[in-house]
Amino acid sequence: MDKMTKQSALQAHSWAGIFLSVLLFLVCLSGTIAVFHLEFERWEQPHIQEMENVTPSAIEKAMDSFLENNTQETHHLYVVFPTSDIPRLVVENDHIAFFADTEGNLLEKEDVGFTQMLVDLHLYLNLPHSWGMILVSALGAVICALIFSGIVAHKRITKDAFKLRRKGNGQQAQIDLHNRFGLWAAPFHLLIGVTGAYFGMAGIILVTVATISYEGDRETVIDQIFTPDPVLSPQEGKPAIGKAFAQMTTLAPEKSPIFLTVHEVGEPEQFIEIYAKAPNRMIYAEGYRFDTAGNYIGVAGYEHGEWGKQLAWSMYRLHFGDFAGLISKWLYFVLGVMLTMLCVSGVEIWLAKKAHPLLASRLWYATVWGSVSALAFTAIADMLSASSLIGIFWGIMVLNVVLTILIKGLSKAIWLLLSGISVLLLLITYAVVHAEAFFTVSSLQLNGPMAVFVLWSFWRVNRLFKNEDTVRQHSDATQHNAPQPVTQA
């Protein structure tokens, strides 16, 4: 490939990354953390009773109690089974959700405000969903473009594949690390970019396919991907969800039921659908359908449908790593950290080439490490009050910018120290609020990694301060040894 092409690719790579750096970083950071969104839901209410399975009678009792106390109009009813990735029984409608115990007694309202805010940040950047989804999906396409342009721009991609130079001022090591992460994890990053772009572009794809192949008939395309509702004689009465659930042990003994949905509640077309995770398949779930009386109708056909239908139903698990338990989630977390570090190192390399402009550098550090503090304080606020979490998060982000402009001494080390302290405060607050529940599996599976981050941040801050002292001493020595101007008497 000629030199001019590589130079053009490098310029496109640099300017696209710099121009969208803050948005890309926030999406990547929140997505990396949101890999554990189900674990965060458990973490927010660690004292809730957990179980491995549940009986049909307990499900019936829980839903009956729920409907008795929640009479608002709804189009759907849901039951989340403990055989899902959250080992709890939850009954809900379109508006509210409650936990239940193994006997079907209602416990308390589900309250996962921080998790919802975190996922909303990743999927929509906390914007109105229609606009936010389009923007975030466009950023997925940008990630793909950055990967391709970065590979094209690399002059010695084969020779430098395993090179990591540690000497000098650290800038070359950072460039090498940026290139290595970008190359080694490129397949994963492309997967994340493509699946992320899909969620927002699905509507555009639907219209395009309908126009080209189905004379503009969108409903036909939707029916090809999402199996249409069954055609039944008019239904009436209370849905027999317990009877439907009891049949799953014979209909699909090898599958794990995830949740149940009652569609079109109270309408003549009402029916029950149980979604079950298929072993060794990437699709989200197969749907098993029943009429209101609990009589089995058939499957939705996602597991053995056309390849396009299976691909569409695999996008969620592919994007969030939800297909091999904690193994795939931790793999996605590590690779997500690499993608987030690509955003950080890319901007820092650009700043180094510009001789580290002071304000721009401080603002970038405030964004990177200040966002960690903002998330931690948002989680603390969720435990202590009923405030708007989106408002708190973005309010702290704006405050970080203001402080950075006003206080010139807020260096990278200071911002990293503040992020470590904020996560430590989060752990202390969590321990005070939840008391003995701090030591449950639901708590420790996230509190443990947070504690590791706190220790790492303090260690890293110590290293940064030592480096700053070394640079300062070298600068003072250089000035001391410099020739002094001769003055005449």
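Model, not experiment: these values are computed from the prediction.

Below, the discussion takes up the overall build of the chain. Assigned secondary structure in the chain consists of 18 helices and eight strands. Expressed as a percentage of the 489 residues in the chain, the buried residues total 46%. In the chain, the share of contacts with a sequence separation of at least 24, taken over all contacts with a separation of at least 6, comes to 66%. For the chain, the computed accessible surface area is about 25100 Å², with 64% contributed by carbon and sulfur atoms.

One non-glycine residue, Asn280, lies in positive phi territory at about 60 degrees. Relative accessible area serves as the criterion here: at 82%, Asn280 is assigned to the exposed category. With a phi angle near 50 degrees, Ala435 is a residue other than glycine that sits in the positive phi range. By the secondary structure assignment, Ala435 is in the loop between α17 (412-434) and α18 (441-481).

Take the pattern of salt bridges next. Counted according to the given criterion, the structure contains twelve salt bridges. Each of Glu254, Lys255, Arg281 and Glu303 takes part in a single network of salt bridges with overlapping partners.

Two numbers describe how helix α15 (residues 358-384) lies on helix α16 (residues 389-406): the axes approach to 8 Å, and their chain directions differ by 150 degrees. The angle between α15 and α16 falls in the class roughly antiparallel. In the crossing of α15 with α16, the sense of the turn from one axis to the other is right-handed.

By the alternation rule, side chains of strand β3 (residues 97-100) split into Ala97 and Phe99 and Phe98 and Ala100, which are all buried. In the sheet, strand β2 (residues 89-93) pairs with β3 via four bridges, with the strands oriented antiparallel. Within β3, the residue paired with Glu92 across the bridge is Ala97. What sits between the antiparallel neighbours β2 and β3 is a turn of three residues. Where β3 and strand β4 (residues 106-109) come together, two bridges link them in antiparallel fashion. Directly across from Phe98, in β4, lies its bridge partner Lys109. Between β3 and the antiparallel strand that follows it, β4, lie five residues; Gly104 among them carries a positive phi value of about 95 degrees.

Structurally, the position occupied by Val372 is in helix α15. Sequence separation between Val372 and Leu416 is 44 residues, and the spatial gap between their C-alpha atoms is 9.0 Å. Each residue touching Val372, except ones within four places of it in the same chain, is listed here: Ser419, Ser422, Val423 and Phe453.

What counts, and at which threshold
- Residues numbered from 1 in each chain as written.
- Predicted model: local features only at pLDDT ≥ 70, side-chain atom pairs only at ≥ 80, totals over all residues.
- Heavy atoms only, no water.
- Helix = DSSP H or I, 4+ residues; strand = E, 2+ residues; numbered from the N terminus.
- Buried < 20%, exposed > 50% of the residue type's maximum accessible area, 1.4 Å probe, protein only.
- Contact = heavy atoms within 4.5 Å.
- Areas by Shrake-Rupley, 256 points an atom, 1.4 Å probe, with all protein chains shown as cover.
- Salt bridge = Lys/Arg side-chain N within 4 Å of Asp/Glu carboxyl O.
- Axes fitted to C-alpha atoms, helices over the stretch in contact; angles between N-to-C directions.
- Parallel < 35°, antiparallel > 145°, perpendicular 65-115°, else oblique.
- Left-handed = near helix turned anticlockwise from the far one by under 90°.
- Pairing = 2+ DSSP bridges.

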